[in-house]
Amino acid sequence: MSDMVKRVVVLGAGMVGAAIARDLADDAGLRVDVADVRAEPLERVAGRARVGTVRADLASPDAVRRLASAYDLVVGALPSVIGLETLRTVIQAGRDVVDISFMPENALELDPLAREHGVTAVVDCGVAPGLSNMMCGAAAARLDPLESVEIYVGGLPVARHWPFDYKAGFAPWDVLEEYTRPARVVEHGRVVIKEPLSEPELMDFPDVGTLEAFNTDGLRSLASTLPAPFMKEKTLRWPGHAELMRVLRDSGFFSLVPIEVAGQKVRPRDVTAALLFPKWTFEEGEADLTVMRVRVVGRENGERLAHAWDLVDRFHEATGLRSMSRTTGYVATSVARLLARGGFRRPGVHAPETLGALPGVLDGVLADLGARGVRCRGTVTRLAA
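Sequence order as written defines the numbering, with residues in each chain counted from 1. The predicted nature of this model means local features are confined to residues of pLDDT at least 70 and side-chain atom pairs, given and counted, to a pLDDT of 80 or more, with totals for whole chains, interfaces and linings taken over all residues. Hydrogens are left out, water is left out, and the side-chain values use all remaining heavy atoms of the structure.

K.L.:
How would you explain the packing of helix H6 (residues 131–140) against helix H13 (residues 361–371) if you had to name every residue and give the values?
P.N.:
Axis definition: a line fitted to C-alpha atoms, limited for helices to the stretch in contact. Angles are taken between N-to-C directions and run from 0 to 180 degrees. Helix and strand labels come from DSSP, where a helix needs a run of H or I of at least four residues and a strand needs a run of E of at least two; each type is numbered from the N terminus. Contact geometry for H6 and H13: axes closest at 10 Å, N-to-C directions at 145°. Between H6 and H13 lies a crossing of left-handed hand. Each of Leu-131, Met-134, Met-135 and Ala-138 in H6 lies in contact with H13, whose residues at this interface are Leu-362, Val-365, Leu-366 and Leu-369. For this scheme, ten residues count as nonpolar: Ala, Val, Leu, Ile, Met, Phe, Trp, Tyr, Cys and Pro. Four count as charged, namely Asp, Glu, Lys and Arg, and the remainder, Gly too, count as polar. Here the contact of H6 with H13 is built from residues that sort into 8 nonpolar, no polar and no charged. By convention, the crossing between two helices is left-handed when the near helix turns anticlockwise from the far helix through less than a right angle, and right-handed when the turn is clockwise. By definition, residues are in contact when any of their heavy atoms lie within 4.5 Å.

K.L.:
Which residues make up the sheet that holds strand E5 (residues 96–99), and what values go with them?
P.N.:
Should DSSP find at least two bridges between two strands, the strands are taken to pair. Ordered in space as E3-E2-E1-E4-E5-E6-E17, the 7 strands form an open sheet in which the pairing is parallel. The open sheet has two edge strands, strand E3 (52–55) and strand E17 (348–350), and neither has a second partner. The average angle at which neighbouring strand axes cross in this sheet is 20°, direction not considered. Pairing analysis gives 3 bridges linking strand E6 (residues 120–122) to E17, with the strands arranged parallel. Residue pairing across strands places Val-122 opposite His-350, the latter belonging to E17. Packing against the sheet, helix H1 (residues 15–24) makes contact with strand E1 (6–11), strand E2 (30–36) and strand E4 (73–76), and its axis sits at approximately 165° to E1. In this fold helix H2 (residues 39–46) packs onto E2 and E3, with an angle of close to 175° to the strand it touches most, E3.

K.L.:
Break down the packing of helix H3 (residues 61–68) against helix H4 (residues 83–92) for me, with residues and values.
P.N.:
Working note: a packed helix pair is described by the angle between its axes plus the distance between those axes. Where H3 contacts H4, the two axes come as close as 9 Å, and the packing angle between them is 40°. What the angle tells us is that H3 and H4 run oblique. Every pair of crossing elements has a handedness; the one defined by H3 and H4 is right-handed. Along its contact with H3, which presents Pro-61, Val-64, Arg-65 and Ala-68, the element H4 presents Glu-85, Thr-86, Thr-89, Val-90 and Gln-92. Taken together, the residues of the contact of H3 with H4 sort by class into 4 nonpolar, 3 polar and 2 charged. These descriptions rest on fixed angle ranges, namely under 35 degrees for roughly parallel, over 145 for roughly antiparallel, 65 to 115 for roughly perpendicular, and the rest for oblique.

K.L.:
Which residues make up the pattern of salt bridges, and what are the values?
P.N.:
By definition here, a salt bridge exists when the distance from a side-chain nitrogen of Lys or Arg to a carboxyl oxygen of Asp or Glu is within 4 Å. This structure, assessed with the given rule, holds 29 salt bridges. A salt bridge links Asp-27 to Arg-337; the nearest nitrogen and oxygen atoms lie 2.9 Å apart. Placement of the pair is Asp-27 in the loop between H1 and E2 and Arg-337 in helix H11 (residues 323–340), with a sequence separation of 310 residues. Across the pair, Arg-337 and Asp-27 agree in class, each one buried. Taking the shortest distance from any N to any O, the salt bridge between Arg-267 and Asp-270 comes out at 2.9 Å. Where salt bridges share partners, they join Asp-23, Asp-27, Arg-337 and Arg-372 into one cluster. Note on exposure labels: buried denotes an accessible area under 20% of the residue type's maximum, exposed denotes more than 50%, and partly exposed covers the range between, all computed with a 1.4 Å probe on protein chains only.

K.L.:
Please provide a residue-by-residue account of the side chain of Arg-326, values included.
P.N.:
You can see Arg-326 is positioned in helix H11. Overall, Arg-326 belongs to the buried group, its relative accessible area being 2%. Pairing of N or O atoms within 3.5 Å defines a polar contact, subject to two protein rules: one partner must be a possible hydrogen donor and the other a possible acceptor, and residues neighboring in sequence count only if both atoms are side-chain atoms. A polar contact is formed between the side chain of Arg-326 and the side chain of Asp-313, at a distance of 3.2 Å. Residues in contact with Arg-326, not counting those within four places in the same chain, are Asp-313, Arg-314, His-316, Leu-321, Arg-372, Gly-373 and Val-374.

Below you can see the structure in the form of structure tokens.
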């Protein structure tokens, strides 16, 4: 990184945004501010890291534009419902950006706008999507032809509590998005739409136990950027959670279509969120874990190989940071540092697999994660022809 201190603003002081701000603040080459409309999370992160705080309504494009213009680099950690508009606004402000929003729209459609403004934007830059994409991109750069991509990932509480056996390590509203957004997989070279929460299967993970995996829309850009004829991503939860969520969804509790109740129009999902989210909130110090398995199969120099990575991470008592905040946030901070020091400069909107295909990028991100206690084991296995 050059001797000039770079000014960075993190948009959002939630669980992941706070982890991002705290980690970037440890870098002497960066001056970090974090912005949010809420005072309490700003005060909390400022009490734990050398960061400045900015009160701003980040749902307002004008506010985002004014804010972004004052910095060299923007890191977006906002809910999915405002992700695309925020990204568009930052690009129009001419600022490079790393974003983790699980937006329903295709962020790559903003590529021409980013090129026009000379902006380098890396999107979906969390653990999955994000690190998983980089792994797939790195494997795809070595394998020809590609045969298959499989991603299994989930964040969950260490202790199971009836009835949900779940608590949210990121914005709970985005969890409901996972359970309702149509899931895209690739079968025989074609994108196929499947129902979210469908095709559950049980899987065993060392030092964790048995988890269930079900379809969600996690492939995102991989469905169009990689030529593998078979690709899928499944979310991991404790067994039984998916069936309960299917019951709620199919009974209408996740619907966004207003219904009339006692003379008032209400959206069922708003009521469900008000009831569920307090029960899905981690208690102070309550332990969580993140589990991810990525497996990419293809041929390298004529030999059939499987490139695989396994990650299991747990709540970090020393910092009080949840595993999902760490695994998601530290991928974003690694890439943010890469952009800040000029290690990746290519105007346009880029999916993480683009970076993963570049020599040394995945190794650098994994080294950054390892230095922060997030371990990931990679293997290459020879397969029968």
